Amino acid sequence: MIYFDSSIGILLSVLAGFFVLILLALILSKSTSSVGHKESSKDIGKMGEDDVEDMLIEMQQRFGGHIIRDIILPVSKGTTQIDFIYLCKKGVYVIEVKNYSGRIHGHEFDNKWTQVLADGSVKNTFYNPYKQNKTHVHAVEKISGDKDLEVSPLVIFSFMVF
């Protein structure tokens, strides 16, 4: 019989959770393609995600880990799309990317945040990305099956100027 101390058991549990996440990513990730046309907000968002992916690849090369991009996971009222999950020795990071220019106004508990463009003439509201990412974190925690898994939310604004 083989006996493990508690740290090895925790490590095995985390590795099993990572394996499940990677397997799900391979099954559920969707491919994207670009077509030559005027840039839509979806295209602009993808450009910001591409910038963040480049940064994550650099981190992966320096520190190791795994990157999962554009995964859809089940939640209580359907599904949720996650921009990135970065799995490394330091933990699991769920990353939401927003590619907005101008000033961003909002607080953790506000339902809506506001984008104000440079000249102040255009104001757009959008759902609080912190709350959005909390939904993503809960989905990752649930699908991992590990109640002790710590998942950290990150919201990255990849500002673009037009």
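No experiment lies behind these values; they were computed from the predicted model shown.

Draft legend 1. Spotlight on the overall build of the protein. Counting secondary structure elements, the protein contains three helices and seven strands. When the elements of the protein are put in sequence order from the N terminus, they spell out α-α-β-β-β-β-β-β-α-β. Counting every position in the protein, which comprises 162 residues, the buried fraction comes to 31%. Contacts spanning at least 24 positions in sequence make up 51% of the contacts within the protein whose residues lie at least 6 apart. As displayed, the protein offers around 10700 Å² of accessible surface, 57% of which is attributable to carbon and sulfur atoms.

Draft legend 2. Region of the structure containing the pairing of strand E1 (residues 66-75). Here E1 pairs with strand E2 (residues 78-88) via nine bridges, running antiparallel. By the bridge assignment for E2, Val75 is matched with Gly78.

Draft legend 3. Here's a closer look at the packing of aromatic side chains. Applying the stated criterion to the full structure yields four aromatic pairs. Here Tyr100 and Phe126 contribute two aromatic rings whose centre-to-centre distance is 4.6 Å and whose plane-to-plane angle is 55 degrees, an arrangement assigned as tilted. Note that Tyr100 is positioned in the loop between strand E3 (91-98) and strand E4 (103-105) and Phe126 in strand E6 (residues 123-127), a separation of 26 residues in sequence.

Draft legend 4. Quick look at the sheet that holds E6. Taking strand neighbours across the sheet as the criterion, the three strands line up as E4-E5-E6 in an open arrangement whose pairing is antiparallel. If you trace the sheet from one side to the other, it starts and ends with E4 and E6, each paired once. On average, each strand axis in the sheet is inclined to that of its neighbour by 25 degrees, with strand direction left out of account. Sheet topology places E4 next to strand E5 (residues 112-116); three bridges connect them, and they run antiparallel. Paired with His105 across the two strands is Thr114, which belongs to E5.

Draft legend 5. Quick look at the sheet that holds E3. With mixed pairing, four strands are arranged side by side in an open sheet as E1-E2-E3-E7. Only two strands of the sheet have a single partner each, and these edge strands are E1 and strand E7 (151-157). Averaged over all adjacent pairs, the angle separating strand axes in this sheet is 35 degrees, with direction ignored. With respect to the sheet, helix H3 (residues 129-144) is in contact with E1, E2, E3 and E7, its orientation differing from that of E3 by roughly 145 degrees.

Draft legend 6. Up close: H3. In this model H3 runs 22 Å from its N-terminal to its C-terminal C-alpha over 16 residues, within 8% of the 22 Å that 1.5 Å per residue would give. With a side-chain oxygen positioned 2.7 Å from the backbone nitrogen of Tyr130, the residue opening H3 is Asn128. The positive-phi residue at the C-terminal boundary of H3 is Gly145, with phi of around 75 degrees.

Parameters at a glance
- Going along each chain's sequence as written, the residues are numbered from 1 onward.
- Selection of residues for local features in this predicted model requires a pLDDT of at least 70, selection of side-chain atom pairs for listing and counting requires 80 or more, and totals for whole chains, interfaces and linings are taken over all residues.
- Excluding hydrogens and water, the side-chain figures rest on all heavy atoms present in the structure.
- To qualify as a helix, a DSSP run of H or I must reach at least 4 residues; to qualify as a strand, a run of E must reach at least 2; elements of each kind are numbered from the N terminus.
- Buried means the residue's accessible area, taken with a 1.4 Å probe over protein chains only, is under 20% of the maximum for its type, while exposed means over 50%, and partly exposed covers the values in between.
- We call two residues contacting when some pair of their heavy atoms lies within 4.5 Å.
- Surface accessibility follows the Shrake-Rupley procedure with a 1.4 Å probe radius. Residue values consider only the protein chains on display as shielding.
- A strand pair is defined by DSSP finding two or more bridges across the two strands.
- Note on aromatic contacts: the rings of Phe and Tyr and the six-membered ring of Trp form a pair at centre separations within 6.5 Å, being stacked when their planes are under 30 degrees apart, edge-to-face when over 60 apart, and tilted otherwise.
- Note on definitions: angles span 0 to 180 degrees between N-to-C directions of axes, and those axes are lines fitted to C-alpha atoms, for helices only across the stretch in contact.
- One less than the number of residues in a helix, times 1.5 Å, gives the span that helix is expected to have.
- Side-chain atoms alone can form a polar contact between residues adjacent in sequence; in general such a contact is a pair of N or O atoms within 3.5 Å, and within protein one must be able to donate a hydrogen while the other accepts it.

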